[in-house]
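# Working through the structure, step by step
Below, each chain spelled out in residue letters.
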Amino acid sequence: QDPSPCQAYIYYNGTSQTLRSGTFTCKKIGSNYEITINGMTSHTHLKLYYYGPLLNTTSPNGSGQLTVGNLNIPLNMLYSEYAYDSYSYVFTDTAASFTATFYSTYPLTDRTYSITPDDSALEADGSVLLYVEGEHQGQYIFGVAESGTFTLSHHDNTYDASFSGLLIDENTGLPMDFSGTFSGQLLNI
């Protein structure tokens, strides 16, 4: 069977590069997958091999709700990632149409954090920064939270989170109260 063309982007050390040529194979072996990439970016040869499970980021891993102003948005996904010397914890729906993303310079632990709009305060006092963005029921909202608290706890791989505070919507310039809850698994991406 002739291979189908596809595009691949490689993210490494804070840069993204396009795979210019090469091959990509993916085989399901039992409940795991074997993935190989062998190709060239504009600067270097790349070989990648992976064998193991795949994460399904379109399947809910918990449940919760975000309230911003008069909008109530369901939250059924929580994932975290580390990039650019920062940890992000993203609460969203499976379509990622509305997100509440907490940023920190360290992995979050079980405790209550202050929410700050000042990213330079993240290292100094153990605060988190919250960025909210999305569209729901025809209303688009985005902005950094001005104040609030964020509480996180977990037992095994079940995480419970609650947060509330004040957000200035950069789209309208209006202050909006927000609150949210979530209970479920944490996917590390």
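Scroll up a little and you will see the structure.
Residues numbered from 1 in each chain as written. Predicted model: local features only at pLDDT ≥ 70, side-chain atom pairs only at ≥ 80, totals over all residues. Heavy atoms only, no water.

## Observations concerning unusual backbone geometry
We note that A96 has phi near 55°; this positive angle belongs to a residue other than glycine. Even without glycine at this site, D156 takes up a positive phi of about 55°. Relative to the helices and strands, D156 resides in the loop between β13 (139-155) and β14 (158-168). (Helix = DSSP H or I, 4+ residues; strand = E, 2+ residues; numbered from the N terminus.)

## Brief notes about the packing of aromatic side chains
Tallying each qualifying case throughout the model produces 12 aromatic pairs. Relative to F102, the ring of F91 lies with its centre 5.9 Å away and its plane at 85°, an arrangement referred to as edge-to-face. Of this pair, F91 sits in strand β9 (residues 86-92) while F102 sits in strand β10 (residues 98-104), placing them 11 residues apart in sequence. Taken as a pair, F91 and F102 share a single burial class, namely buried. Considering the side-chain rings of F150 and F163, the 6.2 Å spacing of their centres and the 50° angle between planes classify their relative orientation as tilted. Pair noted here: F150 is in strand β13 and F163 is in strand β14, with a separation of 13 residues, a long-range link. There is no split in this pair, since F150 and F163 are both buried. These aromatic residues form a ring-pair network of at least three members: F91, F102, Y106, Y113, F150, F163, F178 and F182. (Phe/Tyr/Trp six-rings, centres within 6.5 Å; stacked < 30°, edge-to-face > 60°. Buried < 20%, exposed > 50% of the residue type's maximum accessible area, 1.4 Å probe, protein only.)

## Topic: a nonpolar patch on the surface
Taken together, the side chains of I29, Y49 and Y51 present a nonpolar region at the surface, about 320 Å² in accessible area. With respect to the helices, strands and loops of the structure, Y49 is situated in strand β5 (residues 45-52). On the basis of relative accessible area, Y49 is assigned to the exposed category, the value being 53%. (Patch = residues over 30% accessible without salt bridge, like charges linked within 9 Å, V, L, I, M, F, W, Y side chains within 5 Å. Areas by Shrake-Rupley, 256 points an atom, 1.4 Å probe, with all protein chains shown as cover. Salt bridge = Lys/Arg side-chain N within 4 Å of Asp/Glu carboxyl O.)

## Looking at the nonpolar core
Membership of the largest hydrophobic core comes to 29 residues, with the highest contact counts inside it found for L66, V68, F91, F102 and F150. Looking at this core, the elements with two or more residues in it are β6 (62-68), β7 (71-75), β9, β10, β12 (129-136), β13, β14 and β15 (175-184). What F91 contacts, discounting residues up to four positions off in sequence, is L75, M77, L78, F98, T99, A100, F102, F150, A161 and F182. (Core = buried A, V, L, I, M, F, W, Y, C linked by side-chain atoms within 4.5 Å. Contact = heavy atoms within 4.5 Å.)

## Structural notes on the pairing of β15
The alternating pattern of β15 places M176, F178, G180, F182 and G184 on a buried face and P175, D177, S179, T181 and S183 on a face that is not buried. In this structure, β6 lies alongside β15, joined through seven bridges in antiparallel fashion. The residue of β15 that forms the bridge with G62 is G184. As paired elements, β14 and β15 share 10 bridges and run antiparallel to each other. Among the inter-strand pairings, G165 is bridged to a residue of β15, identified as F178. Connecting the antiparallel pair β14 and β15 is a turn made up of six residues, with G173 showing a positive phi of about 80°. (Pairing = 2+ DSSP bridges.)

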